[in-house]
Amino acid sequence: MKIGNPFWKFLAAGLLAMFAGLASAQQTYPNKPVRLIVPYATGGSTSALAMLVAKQLGDAWGQQVLVDHKGGANTIIGSELLTKSTPDGYTLLLASNSLVVVPQLTTTPFDPLKDFLPIATVGATQVMLLVHPSLPVNTLQEFIALAKAKPGQINYASAGSASTTHLAGETLASMTGAKIQHVPYKGSGPAIIDLIGGQVQSSFQTPIIGIPHVKAGRLKALALSGDHRLPALAQLPTFAEAGLPGFQASTWFGLFAPANTPRPIVDQVSKEVEKIMTSTEFRDKLASLGLDPFYTPAAQFAELMKSDMERFGRLIKSSNIKLD
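Conventions adopted
Residues numbered from 1 in each chain as written. Predicted model: local features only at pLDDT ≥ 70, side-chain atom pairs only at ≥ 80, totals over all residues. Heavy atoms only, no water. Helix = DSSP H or I, 4+ residues; strand = E, 2+ residues; numbered from the N terminus. Polar contact = N/O pair within 3.5 Å; in protein donor to acceptor, adjacent residues only side chain to side chain. Contact = heavy atoms within 4.5 Å. Pairing = 2+ DSSP bridges. Axes fitted to C-alpha atoms, helices over the stretch in contact; angles between N-to-C directions. Parallel < 35°, antiparallel > 145°, perpendicular 65-115°, else oblique. Nonpolar A, V, L, I, M, F, W, Y, C, P; charged D, E, K, R; others polar. Expected span 1.5 Å × (residues − 1). Buried < 20%, exposed > 50% of the residue type's maximum accessible area, 1.4 Å probe, protein only. Arc of directions from axis to C-beta. Phe/Tyr/Trp six-rings, centres within 6.5 Å; stacked < 30°, edge-to-face > 60°. Lys NZ or Arg CZ within 6 Å of the ring centre and 35° of its normal.

1. A short note on the side chain of Ser98
Structurally, the position occupied by Ser98 is in the loop between β3 (91-96) and β4 (116-126). Separated by 3.2 Å, the side chains of Ser98 and Tyr40 make a polar contact. In contact with Ser98, other than residues within four places in its own chain, are Tyr40, Pro103, Ala162, Ser163 and Thr164.

Right, dumping it as structure tokens:
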């Protein structure tokens, strides 16, 4: 057919208009509020970080970034919402590495490597072992000894089954032979409330959650994962310093878009995150919350997800971890 045919002229004009509109939309992104889904209950480390990232992105864009907490079902509820959203950049997800752990423990309505488009990591954190003041221990070794002396009688709260705070407890049990009872919650917020109230005896939580309560005397901190101490709690030893070298437990946090989101939008958000991460003010705020600056662009983030699926898969299999 010749392009001179009226039908083909009309079709070509329509296609040009459509692509021009798409390009224009991408160039002006965002021109309306952006929804940021958090698959956890309010009050947890992901919640606090999401509020901080939302404010920074909102200030940079001149648009509201609205944090929407959708906790439950081991992060499946909130995560699935993203996969059902229009892939236009106006619905994003801020999730942790639980996103690649949960699908290895249960059937999920999504594939983390196919249905989510990684944009960038926005931070990372270690975990600290916290105990209620009534528990008669003041060091990691005392905690391990008590747990061994009372197998199954010492419990620990987590942010949910398959969360990093759950896997931290399983790692400790595997390394020491201590039998501690897992008590899963729908996020760190509810878990820390019950720990402070004495309904549970211990918990593995991120510094962003634990530090304020430790400083206020509501909880005791026994050890911190990672290879360095925190300035905010300089007296708190690492697990290695406390006598358990090789203990590893960390969490990365990242932004995701639905699969098929236009690459220019993904790149734009990723570059904006990179700018934010180089800000001294933002880095200082992360440090004050016990978080480490950690930026990984889209391509490298995808590789990190794959390697973590393999690493956590090995731990899940060797420790026979199940969803509660």
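Now that the structure has been shown, the text picks up again.
2. What to know about the sheet that holds strand β7 (residues 181-184)
What the five strands build is an open sheet, ordered β7-β6-β8-β5-β9; its pairing is mixed. The sheet is open, and its two borders are formed by β7 and β9 (220-224), each paired with just one other strand. Each neighbouring strand pair of the sheet contributes to a mean axis angle of 30°, computed without reference to strand direction. Sheet topology places strand β5 (residues 128-131) next to strand β8 (residues 202-205); four bridges connect them, and they run antiparallel. What sits directly across from Val131, in β8, is Ser202. Along the sheet, helix α5 (residues 164-176) makes contact with β6 (155-158), β7 and β8, crossing β6 at roughly 150°.

3. Here's the deal with the packing of helix α2 (residues 45-61) against helix α8 (residues 263-277)
The geometry of α2 relative to α8 is characterised by a closest axis approach of 11 Å and an angle of 110° between their N-to-C directions. By the angle between their axes, α2 is roughly perpendicular relative to α8. Only Gln268, Val269, Glu272 and Ile276 of α8 make contact with α2, whose side of the interface consists of Gln56, Leu57, Ala60 and Trp61. Across the contact of α2 with α8, the residue classes tally to five nonpolar, two polar and one charged.

4. What to know about α8
Taking 1.5 Å per residue, 15 residues should reach 21 Å; α8 reaches 21 Å between its end C-alpha atoms and fits that length. Of all the residues in α8, the buried ones are Ile265, Val266, Val269, Ser270, Glu272, Val273, Ile276 and Met277. Buried residues along α8 cover an arc of 160° about the axis, so they all sit on one side. Exposed positions of α8 whose direction lies more than 90 degrees from the buried face are Lys271 and Lys275.

5. Considering unusual backbone geometry
With omega at -10°, the peptide bond leading from Tyr29 into Pro30 counts as cis. Within the secondary structure, Pro30 sits in the loop between α1 (6-27) and β1 (34-38). Even without glycine at this site, Ala73 takes up a positive phi of about 55°. Along the polypeptide, Ala73 turns up in the loop between β2 (65-69) and α3 (76-83).

6. Quick word on the packing of aromatic side chains
Inspection of every chain in the model, using the stated rule, returns nine aromatic pairs. A centroid spacing of 5.6 Å and a plane angle of 65° characterise the contact between Tyr29 and Trp61, whose relative ring orientation is edge-to-face. With Tyr29 in the loop between α1 and β1 and Trp61 in helix α2, the pair connects residues that are 32 residues apart, well separated along the chain. Each member of the pair, Tyr29 as well as Trp61, is classed as buried. Plain terms: the ring middles of Phe239 and Phe247 are 3.9 Å apart, the flat faces sit at 20° to each other, and that makes the pair stacked. Per residue, the accessibility class of Phe239 equals that of Phe247, and both read buried. A network of ring pairs unites the aromatic residues Phe110, Phe116, Trp252, Phe256 and Phe301 as a single cluster. Seen from the ring of Tyr90, Lys32 lies directly overhead, with NZ or CZ sitting 4.7 Å from the centre. Geometry around Phe312 places Arg311 over its ring, the cationic atom sitting 4.4 Å from the centre.

7. Brief notes about the packing of α2 against helix α9 (residues 280-288)
At their nearest, the axes of α2 and α9 sit 11 Å apart, and the two run at 170° to each other. What the angle tells us is that α2 and α9 run roughly antiparallel. Here Leu49, Leu52, Val53 and Gln56 of α2 lie close against α9, whose contacting residues are Phe282, Lys285 and Leu286.

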